[in-house]
Structure formats: C-alpha cells, structure tokens
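Take a look at the letters that make up each chain.
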Amino acid sequence: MFRWLRKKLKEFFSTLREFPDYAESPERYKLLRRNIVVLMLVVTILPLTLMGLINHYLYRQAMHDEIVRPLKILVNKTKHSFELFLAERLSTVSFIASSYTCSELADNNNLSRIFSVMKKEFIGVVDLGFLDPNGVQVSYDGPYKLRGKNYKDHDWYKETRVRGAYVSDVFLGYRKLPHIVMAVERSVPGVCLGCVLRATIDTNRFMELIASMRLEPDSDAFLLNKKGVFQTPSKFYGQVLETFPMPLPPLSYEPNVVETEDPNGREILLTYAYFESLPFILMVIKPRGLVMQAWYTLKTEAFFIFVAGVLLIFLVVFKLTDKLVKHLEESDLRREAAYREIQESSKLASIGRLAAGVAHEINNPLAIINEKAGLIKDLTQFSPDFPQKDKLLSLTGTILQSVDRCRTITQRLLGFARRMEVTVESLNLNEVIEEVLSFVEKEALHRNIELHLSLAQDLPRIASDRGQLQQVFLNIINNAFEAVEDGGRVTITSFEVDDDTVAVSIQDNGQGMTQEVMNHIFEPFFTTKRGKGTGLGLSITYGIVKKLGGDIKVASKLGEGTTFTVFLPKKAQARKGE
Ligand code: ADP
Ligand code: MG
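Conventions adopted
- Residues numbered from 1 in each chain as written.
- Chains lettered and ligands numbered in written order.
- Predicted model: local features only at pLDDT ≥ 70, side-chain atom pairs only at ≥ 80, totals over all residues.
- Heavy atoms only, no water.
- Patch = residues over 30% accessible without salt bridge, like charges linked within 9 Å, V, L, I, M, F, W, Y side chains within 5 Å.
- Areas by Shrake-Rupley, 256 points an atom, 1.4 Å probe, with all protein chains shown as cover.
- Salt bridge = Lys/Arg side-chain N within 4 Å of Asp/Glu carboxyl O.
- Helix = DSSP H or I, 4+ residues; strand = E, 2+ residues; numbered from the N terminus.
- Buried < 20%, exposed > 50% of the residue type's maximum accessible area, 1.4 Å probe, protein only.
- Core = buried A, V, L, I, M, F, W, Y, C linked by side-chain atoms within 4.5 Å.
- Contact = heavy atoms within 4.5 Å.

## Considerations on a nonpolar patch on the surface
- Side chains of Leu312, Leu315, Val316 and Leu320 sit close together on the surface and give an oily, nonpolar patch of about 400 Å² of accessible area.
- Residue placement: Leu315 occurs in helix α8 (residues 293–382).

Right, dumping it as structure tokens:
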C-alpha cells in the first residue's frame, strides 16, 4: 500500500518536472490532472472509508450487545422460573413420600387428604397417585379414574425405579392431555420396596410462565425437550409434541444467541438456554429485522452521510484540480508565448544589426560599380565609332539596373535595421489606407483585381506614425496582390475593436499558407517566392507594428486565402529598446 503510494507520488512529481515545453506535450496536463485527482481521492477517501468501516463494526458490536443483553436476561429469568416451579413441586412430592409410610400412602382416604392440601398450596398439580412395587396405582386422587392402572411399562415409571426421582417430558398418557409426571421412589428397607409416589403437573402453568415474558406479537417463545420436541405450543413452528423444524443450537446452560434463518426464510435471533437438571430447552425467537431496526436505521444514515461525503470530495477534488491544472496550463502557455516573442525580437534585432552592417559595407562597392558602369555607359554613348556600341550599352544598362535593385534591397535593409524614431501625429486610418491604395490601384486595374473597401466611417482618429503605417499596409497589400491570381479579390476593412484599439484587416482569396509557412512568415529573409521575394516585408511590418504598440494576427487556409489583421492602439506608445 505504502509502496504504491510512494510510487504514485514520485510519478506525480516527475510529471510536474518533466515536459518543460507546452507545445511538445499537451498530454502532460491530462496526465497531471489524472495524477492529482487519483492522489487526492486516495488520500481522502481511503482514510474516510477505513474510518467508516471501523466505526461500522464497532457500532454494530455495541448495538448487538445492547440488543442481545436484555434477551439473555429475559431467557435466564424465565428459565429460573421454570426451574423453581418444577423444583418446588418435586421437593414437595419427595417430602410427602418420605413423610408418610407406604401403607398410609396406599390408603386412598389418606392420599386424598394429602392431595387436597397440596392442591391448595401449589398451583398446577393435577393429581396424585401411589404405585405399589408392581407398578399398579393402588391409591389415586384427581379428576381422572386412574386407580388400578398399571404403569409397569411406562417410561417414566421405569426411569423412576432406576433413578429414584424423575421429572418427565410432556406426554399424553392415558388421559390424552399434555402433562408431565413427577415421581419419587419410596423404599424403606424391610417395610416397602420400590413403591412410587407420583404427581401430575399441568402444562398450562408452563404457558403462563411463557406468557409472562410479554413478547411482541411476531416474537415466539417455547419450551423444547432435549430431543427437540415441543413441550409448549409455538406460534410459528409447531404444536405440543411436534418436532422443532430446525437443528438444535449447540449446548449451552448460559443463555446464548445465534443468528440464523428459520424454515420460512425469516432472519431470526434465537436466544436459548438448556436446563441443567431438567430435560428442557427454553427458546425465544425474534425476527432479526425487528430487533436490529435501530441498527439498520443508523447504518442507512451513516451510509448516506458517507456517500454524500465521498461525492463532495469527488466534486471538490475534480473542480479544484481542473481549476489548478487549467491555471497552470494557461500560465505555461503565456510564458511560452512571451518566451517566443522575446526570441523573435532578439533574433530580429541581431539579424537587423548584421544586415545593417552588410548593407553598409555593400553600399560602397555598389556605389563604385554604379559610378564605373555609368562611366562606361557614358563613354560608350559618346564615342561615335565604338564597335558593338549597342551591345555594350545594353550590358551596362543591365548592370545599372541590377545595381539599382541591389540598392533598393540595401536601403530596405538599412531601414529595417534603423532604430526608427516614431513621429506621432493624429491621423485617420482610413486616409492612410486610401493613400496606400493610390500606389497600388494601377496594378489592381491592370491585373483585374477586385478591391473591396469596407471602412468604418466613424472610425476614431488615432495617434500614430503615418509613414510607418503606410509601409505596413503597403507590405501587406503587396503580399495579398502577389498571393491572388489575376481577377482575384482583396478586401480591406477598418473597424473599432474596443475603447483602446482599432484594427484594419486585409483579406485575400489567394493561395493561402500552410501552418508550417505561417510559423515563419515574420522571420527576416523568409520567403516562398524564390528569386522574386526578399522575405523582409513582413518582418519589417511586424517590427513597425510592435513599435507602434500594436499587434498582427494572421489567419490562413491553404487554397482559400489569408487575412492579416493589424491592431493599433488609439494612442501609440513607442516601445523602448529594439
Ligand atoms: P516576400 O513577400 O518578399 O516573400 P514577406 O515577408 O512579405 O516576404 O512574406 C513572407 C512570406 O509570407 C511570403 O513569401 C509568403 O509565402 C507568405 N505570405 C505573406 N503574405 C501572404 C498572403 N497574403 N498569402 C499567402 N502567403 C503570404
Ligand atoms: Mg512581401
């Protein structure tokens, strides 16, 4: 468990450390989120569950004890009542047997007198009889006519002769009514041998004792003999002398409780106790549901609280982690963008310096070439008989042309590198755009390019640098013209973005760019127009816009077109440095 947790923790922190670059692995945040969620859930829900389980068991034990104790007390008390009741009567029979002589007991009048006293003193005694050594009942008093009956073959009689005293199970006997017999042997050596005094006890008294337990209607209590035969009727499991339909619980003289299921499928709590000296088992059966009601309620409540707690934890963990990771992701993205920008501008700056140096160096030889070529041209032109004059003239013309082109490039390079001082004036962007368009209108006409203007008439004036803005728009519009086929369309829109910003977008339906190209367009010297392009237009544009405190966004789809949007602050703030 701990090893697992340690491994997970390690994994978690390594996900934090690894993958420094967002672009390289956006997977990282998914992993991070998953790890945090799993860890937080484990460290919160695991202890909660453990606590819950421990509580559950402790409570269950306590509740169980609490419920079972009164049951045990009740069974114990009732068992004692039974024992007392039977012991009292047995000792009375025993007392009578030893207080009178055999002949006195064999005399029916005498026996009747004794019985009438006994009946008065002890409830539950039904009759009294005295048996001679042959098992014949020689004297008897009671509601039945049992005098002269021979009990020689009855179990209780045999048991009494063997043990000296005996309390029988419930049986029907001659009278066909459930009763128990208590018998005591009377033997006085030389006078009488093997005579037996017996009394019958009514089992109604048993029922009264059980009724005195005052059980709920769906509880049951009864007496069994040790073979599992009902001695008193049961509400649910059988009548007197029927057999108890379940296996007997293990022997225990102390009250004991077992949880089982009865033949009807009811969950029950069976409380019982065996009698030590009597052939009985006392049982109390209660439906488990009823007894454990309080426990079930508590359990359900606890369970709901637990579930609610877990849900809450889940919710909080998910929300929190989501927020956290999103935040992290955003700040990583921002950091990376800033990093890129710094890289871009420092690259621009160093390349600019390099370019300026090169341009400067090249300018001198260029001037010399220009001058010398001009000289050659003049010389040729003015010497009338120069052979191959025309050829030479056209050659020098080409040289001069090329030098001119070189000069434009060096000029541009120098302009790109120069720390441009911004001269801010209040201007109308729409005007600037129209000025730029006047440069390109001819080409548009010539190439049949459709020029759409959608300029916001109420566009607020902004404070910015006119010349630089002209260059910006000229570069972008030139690119758009180069991207479209003859007959293509270029749309220029100006609009107000918010309280601080206005924007101009230049949209074309030209060839568009791939993502790969888009990633590089602002780099100096990056061009896809081999031979024709310098790759400086957009990098210069970018530099200017940044300097003016604005921004450029590009959207492009290969084969469909490109939109450049230039955002400008209403008040230009010249950026320092660069
Ligand atoms: P150049 O125009 O000299 O090639 P730029 O810096 O102006 O250099 O542009 C760089 C590259 O950006 C171009 O070569 C081209 O591939 C791409 N690009 C610029 N604008 C557009 C556009 N409107 N449509 C398609 N590609 C463009
Ligand atoms: Mg260009």
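## Re unusual backbone geometry
- Even without being a glycine, Arg214 presents a positive backbone phi close to 50°.
- Checked against the element boundaries, Arg214 lands in the loop between α6 (204–211) and β6 (220–225).
- According to the relative accessible area criterion, Arg214 is exposed, its value standing at 71%.
- At Leu241, a residue that is not glycine, the phi angle is positive and equals roughly 75°.
- Within the secondary structure, Leu241 sits in the loop between β6 and β7 (256–261).
- Exposure remark for Leu241: the relative accessible area of 32% places this residue in the partly exposed category.

## Looking at the nonpolar core
- Phe82, Leu86, Met118, Leu128, Leu197 and Phe206 are the most contacted members of the largest nonpolar core, which totals 49 residues.
- Looking at this core element by element, the count peaks at twelve residues for helix α2 (residues 27–99).
- Residues contacting Leu197, with those up to four places away along its chain left out, are Val93, Ile96, Ala97, Leu105, Leu111, Leu128, Gly129, Phe130, Met182, Ala183 and Val184.
- One finds Leu455, Ile492, Ile540 and Ile552 within the second-largest nonpolar core, a separate group that totals 43 residues.

## Focus: the pattern of salt bridges
- Following the criterion strictly, the structure yields 26 salt bridges and no others.
- With a shortest N-O distance of 3.0 Å, Glu159 and Arg163 are connected by a salt bridge. One end of the pair, Glu159, and the other, Arg163, are both in helix α5 (residues 155–163), four residues apart, so they sit about a helical turn from each other.
- Its relative accessible area of 28% is what places Glu159 among the partly exposed residues.
- With a relative accessible area of 58%, Arg163 lands in the exposed category.
- With a shortest N-O distance of 3.9 Å, Glu431 and Arg466 are connected by a salt bridge. Of this pair, Glu431 sits in helix α10 (residues 429–447) while Arg466 sits in helix α11 (residues 466–483), and the two are 35 residues apart along the sequence.
- By relative accessible area, Glu431 is classed as partly exposed at 38%.

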